[in-house]
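What follows is the residue order along each chain.
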Amino acid sequence: GKGNYRHFMEKELHEHPAVLGDTLRQYLDPKTLEVRLPRLPFDPKLVPRLTISACGSAFLAGQVGRYWIEELARLPVDADVASEFRYRNPPLAEGGAAILVSQSGETADTMAALKLLKAGGQRVLSVVNVPESSMARESDGALLTVAGPEIGVASTKAFTAQLAVLACLAIGFGRARRELSTLDEGRLTQALLEVPSHAAEILERDAQIRELAAEVAKARDVLFLGRGSLYPIALEGALKLKEISYIHAEGYAAGEMKHGPIALIDTSVPVIALCPSGPLFEKTASNLQEAAARGGRIMAFTDADGVGPLSRFAERVIELPRVGAFSTPILYAIPVQLLAYHVAVLKGTDVDQPRNLAKSVTVE
Ligand code: M6R
């Protein structure tokens, strides 16, 4: 049941720290700080190219996975939504491999991509939450997210658990391909091991996020901006908001603003910015400043180092724990999910069963 929570989604949001801990413990050794992957259906050293495919939020997790795998393992990755992948007749590399991501393991388009990949000679690994699902059975190998049953139609804990597994895979591939030293591996696994307690800290920002939600709930359109591995999280924030609050939202790569979407900016459009300190901060902050100069209302998520500079032009700044760039996508996913949740509650929508949507989409 829902326990003391009003909705399954709220309960599931509060399970983030536990689920992330359980999932990470499955694939990391906290003593040696090493990634411990089960036998994979392919050798990451020998694979020339990887395909990642999935739908909805699972695809956005896959897109973050692509940033991580390319960066840490120097392995080229193609990422495409399953419903496009299957019809664009993509050339598949000989000896190539694929990763499919799915909470349910039953999504029809992702299953169709699986069949196409196998027919094209690819070795397929799936990241699924349901061990006895069709996808787990029909893939050459499966890595499980340990999220437990997810009842809310909007994915929350399953999404961050998918990110946790993909992060471990990226480190594992990096080691196998000799792109990461033992030291790098230790540093990255250490960062991941700190994610559950940071997730708990973020959940404590609930009141601040609820205040932000009160502003967002008045809007007709909302923009989410992020850069690098936070770009897919901006897309996830927009998807979640559309899905459960029915407010029109779009996610953009922060640098794309000036190529069109900035024309939308006026004082009625909240711009939710994912902007932690670090190497991409200056560039993103300057994109935000351009939007602010045109009357845009910037609502930023950042860390202690970003608060000062962003407060000069942002209407609201919410401080999140300061972590290395590697773990930001996992952690910044939580406040955008929480935001969508609170907006939906304020709007009085059916949070767990949004209109027109099903938990598992088994038609193509
Ligand atoms: O079960 P799956 O992970 O394959 O489902 C994929 C999408 O249908 C799913 O992530 C959908 O986008 C969610 N409702 C997002 O919150």
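This text follows the structure it describes.
Rules of the game
Per-chain numbering applies: the sequence of each chain, read as written, is numbered from 1 onward. Given that this is a predicted model, residues contribute local features only at a pLDDT of at least 70 and side-chain atom pairs are listed and counted only at 80 or more, while totals for whole chains, interfaces and linings are drawn from all residues. In computing side-chain values, all of the structure's heavy atoms are included and hydrogens and water are not. Relative accessibility under 20% of the residue-type maximum defines a buried residue, over 50% an exposed one, and the middle range a partly exposed one, all with a 1.4 Å probe and only protein chains included. Here a strand is any run of E in DSSP of at least two residues, a helix any run of H or I of at least four, and the numbering for each starts at the N terminus. Whether two strands pair depends on DSSP finding at least two bridges between them. A helix is expected to reach a length of 1.5 Å times the quantity of its residues less one. A crossover counts as right-handed when, viewed with the strands pointing away from the observer, the path leading from the first strand over the helix to the second turns clockwise. Whether two aromatic rings pair depends on their centres lying within 6.5 Å, for rings of Phe, Tyr and Trp, where Trp uses its six-membered ring; planes under 30 degrees apart make the pair stacked, over 60 edge-to-face, and the rest tilted. The term nonpolar core refers to a set of buried residues drawn from Ala, Val, Leu, Ile, Met, Phe, Trp, Tyr and Cys, joined through side-chain atoms within 4.5 Å. By definition, residues are in contact when any of their heavy atoms lie within 4.5 Å. The nearness test applies per residue and asks whether one of its heavy atoms lies within 4 Å of the molecule or strand. In the analysis that follows, any N or O atom pair within 3.5 Å is treated as a polar contact, provided that within protein one partner can donate a hydrogen and the other can accept it, and provided that, for residues neighboring in sequence, both atoms belong to side chains. Each accessible area is a Shrake-Rupley result for a 1.4 Å probe, and residues are judged covered by the shown protein chains and nothing else. For this classification, the nonpolar set comprises Ala, Val, Leu, Ile, Met, Phe, Trp, Tyr, Cys and Pro, the charged set comprises Asp, Glu, Lys and Arg, and every other residue, Gly included, is treated as polar.

(A) Main features of the pairing of strand β7 (residues 141–144). Judged by which residues are buried, β7 turns out to be one-sided: Gly-141 and Leu-143 face inward and are buried, whereas Ala-142 and Leu-144, on the alternate face, are not. Both strand β6 (residues 123–128) and β7 contribute to a ladder of four bridges, which runs parallel. Bridge pairing links Val-128 to Leu-144 in β7.

(B) View of helix α14 (residues 328–347). Look at α14: 29 Å from first C-alpha to last across 20 residues, which is about the 28 Å you get at 1.5 Å a residue. Counting buried positions over the 20 residues of α14 gives 17, a clear majority of the element. Looking at the residues trailing α14, positive phi occurs at Gly-348, about 75°.

(C) Spatial organisation of the pairing of strand β10 (residues 270–274). The element β10 is largely enclosed, with a buried count of five among its five residues. A two-sided burial pattern is seen for β10, the buried positions comprising Pro-270, Ile-272 and Leu-274 on one face and Val-271 and Ala-273 on the other. Pairing of β10 with strand β11 (residues 297–302) involves five bridges; the strand directions are parallel. By the bridge assignment, Leu-274 is partnered in β11 with Phe-301. Handedness of the crossover is the feature at issue here: the chain leaves β10, passes through helix α12 (residues 281–293), returns alongside β11, and the resulting connection is right-handed.

(D) Structural context of the packing of aromatic side chains. Scanning the entire structure with this criterion turns up two aromatic pairs. Residues Phe-42 and Phe-173 carry aromatic rings whose centres are separated by 5.9 Å and whose planes lie at 65° to one another, so their mutual orientation is edge-to-face. Taken together, the positions of Phe-42 in the loop between β2 (34–35) and β3 (50–54) and Phe-173 in helix α7 (residues 157–176) put the pair 131 residues apart, joining distant regions of the chain. A relative accessible area of 9% means that Phe-42 is categorised as buried.

(E) Region of the structure containing the nonpolar core. Ile-69, Ile-99, Phe-173, Phe-224 and Ile-233 are the most contacted members of the largest nonpolar core, which has 87 residues in total. With twelve residues, the top contributor of residues to this core is α14. Ignoring any residue separated from it by four or fewer positions in sequence, one finds Ile-233 in contact with Val-64, Phe-159, Leu-163, Leu-274, Pro-329, Tyr-332, Ala-333 and Val-336. Core analysis: the second largest hydrophobic core is formed by 20 residues, Ile-262, Phe-281, Leu-288 and Ile-298 among them.

(F) Main features of the site of the ligand. Among the 13 residues in the neighbourhood of the ligand, the closest are listed as Ser-102, Gln-103, Ser-104, Thr-107 and Glu-243. Here Ser-57 contributes a backbone N or O atom positioned 3.1 Å from an oxygen atom of the ligand. In the model, an oxygen atom of the ligand is placed 2.6 Å from a nitrogen or oxygen of the Ser-104 side chain. Bound to the protein, the ligand loses 91% of the 410 Å² it would expose on its own. Counting residues per element, the ones that place at least two in the shell around the ligand are α3 (56–73) and α11 (231–245). With three residues, the top contributor of residues to the shell around the ligand is α3. Of the residues in the shell around the ligand, the class split is four nonpolar, seven polar and two charged.

Coordinates in, geometry out; function isn't part of it.
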